[in-house]
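Residues per chain, in single letters:
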Amino acid sequence: MKRFTYVRAVSIDQAIESLSVHPDAKLLAGGTNLVDLMKYDVATPTTIIDINDLPLREISETADGGLRIGALVTNSDVAVHPSVARHYPLLASAILAGASAQLRNAATVAGNLMQRTRCSYFYDVLTPCNKRAPGSGCPARPGLNRNHAILGASELCVATHPSDMCVALAAIGATIIVQGPNGLRAIPLADFHRLPGDAPEKDTTLFGNEVILGIELPPVLEHHRYSYLKIRDRLSYAFAIVSAAVWLTIDDEAAISTAQIALGGVAHKPWRNTAAEALLIGRPASRVNFEQFASMLLSGAVALSENDFKIDLARRTVVRALEQAASRTPQSQSDKRIH
Ligand SMILES: Cc1cc2nc3c(=O)[nH]c(=O)nc-3n(C[C@H](O)[C@H](O)[C@H](O)COP(=O)(O)OP(=O)(O)OC[C@H]3O[C@@H](n4cnc5c(N)ncnc54)[C@H](O)[C@@H]3O)c2cc1C
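Described in the following lines is the structure provided in the data block. (Residues numbered from 1 in each chain as written. Predicted model: local features only at pLDDT ≥ 70, side-chain atom pairs only at ≥ 80, totals over all residues. Heavy atoms only, no water.)

### A word on the sheet that holds strand S6 (residues 175–180)
Sheets are built from strands that pair by backbone hydrogen bonding, the pairs being arranged parallel or antiparallel. Read from one edge to the other, the open sheet built from five strands follows the order S4-S5-S8-S6-S7, with strand pairing classed as antiparallel. Two strands close off the open sheet at either side, each with one partner strand: strand S4 (59–61) and strand S7 (183–188). With strand direction ignored, the average angle separating the axes of adjacent strands in the sheet is 25°. Pairing geometry for S4 and strand S5 (residues 67–70), over three bridges, is antiparallel. The residue bridging serine 60 from the neighbouring strand is arginine 68, located in S5. (Pairing = 2+ DSSP bridges. Helix = DSSP H or I, 4+ residues; strand = E, 2+ residues; numbered from the N terminus. Axes fitted to C-alpha atoms, helices over the stretch in contact; angles between N-to-C directions.)

### What about the state of the cysteines?
All told, the structure shown has zero disulfides when counted by the stated rule. With no disulfide partner, cysteine 166 has as its closest neighbouring cysteine sulfur the one in cysteine 157, 17 Å distant. (Disulfide = S-S within 2.5 Å.)

### Examining the site of the ligand
Around the ligand, 33 residues are found, and the nearest of them are Leu27, Gly31, Thr32, Thr108 and Asp164. Glycine 30 places a main-chain nitrogen or oxygen 2.9 Å from an oxygen atom of the ligand. Note that an oxygen atom of the ligand is positioned 3.4 Å from one of the backbone N or O atoms of asparagine 112. When the ligand is considered free in solution it has 980 Å² of accessible area, and contact with the protein chains removes 93% of it. Of all the secondary structure elements, the ones that give two or more residues to the shell around the ligand are strand S2 (26–28), helix H2 (34–39), helix H7 (109–114) and strand S8 (211–217). The biggest single contributor to the shell around the ligand is H7, with four residues. Grouping the constituent residues of the shell around the ligand by class yields 17 nonpolar, 11 polar and five charged. (Near = heavy atom within 4 Å. Polar contact = N/O pair within 3.5 Å; in protein donor to acceptor, adjacent residues only side chain to side chain. Areas by Shrake-Rupley, 256 points an atom, 1.4 Å probe, with all protein chains shown as cover. Nonpolar A, V, L, I, M, F, W, Y, C, P; charged D, E, K, R; others polar.)

So this is what it looks like as structure tokens:
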């Protein structure tokens, strides 16, 4: 680990000011990703700004009946909060599918949004990686790419976004509230994470001197059906190979009235296709419609040398998650068997 200066921010303005003065500084929240990256010399900030004293640990209702969750609320506290469990069970389920209890107790909302890819080349400073060292190359393309992207990748990067929480937030339609030197900004989650394009070193659209204050969830007007289905190599404590977050309403005539579906583990950001979702509206919640939707969602998928299996796996995962949601039998995160 390289030497760094440690600063403990006493106000949001001070954190923003420190980020502006030290462009290579990093904010420290739970530390469960940043400190690992520093130990491996993947992240080498010269200044660490500890934000744990900032007043960002509240969960409260918004004026329109939605929910605002502070950036420093731990993943565990989000998952067990009564309003989340009652109105946004999809979010609770996705969080509980991730990491371990100890990690969730330390990890924060903002840290989870900002966590970096798990591509092994990104973590290995002895190999090239366009995300870590722009212009150095992408060994994953010809190399070990079983867990890599099948959608939205670029020539320069085939890494995936590892978060479970963000997949649920994408399906729910969350907004990220950030503050920078010019004031507040609200960024829809769909616009927060980026595809790699020709700048894979940038994961998000957050500016270097902005601080995430929290997230806002839209009001839940109807009782949504949901499921978060995560497919992984082990039943717990493993990142998703593929995951699906389904947020659905079905009317009295058994037709789908709203459908918001996101995939995880397949791209540089949680993956949604709103045109495909629109085709589900007004249709019966049947397997044939779910299969058509899944085919459209995966229509642009391109496999790498080792991950052809992910395309069919993703298709089947989304169909299964839609069936679980429609039948009100969401995937359990304590009994992880998939029925
Ligand atoms: C062994 C292991 C297994 C894991 N398994 C999973 C899993 O299955 N699913 C999953 O989703 N995650 C998993 N994780 C990742 C874990 O969820 C993240 O490490 C965690 O969410 C990061 O949160 P943090 O508060 O510790 O962030 P930190 O490590 O403190 O920070 C991470 C990044 O966020 C930035 N940041 C923090 N707060 C702010 C803010 N307010 N504004 C702007 N930037 C900010 C930091 O500067 C840093 O760049 C796992 C992690 C480990 C170590």
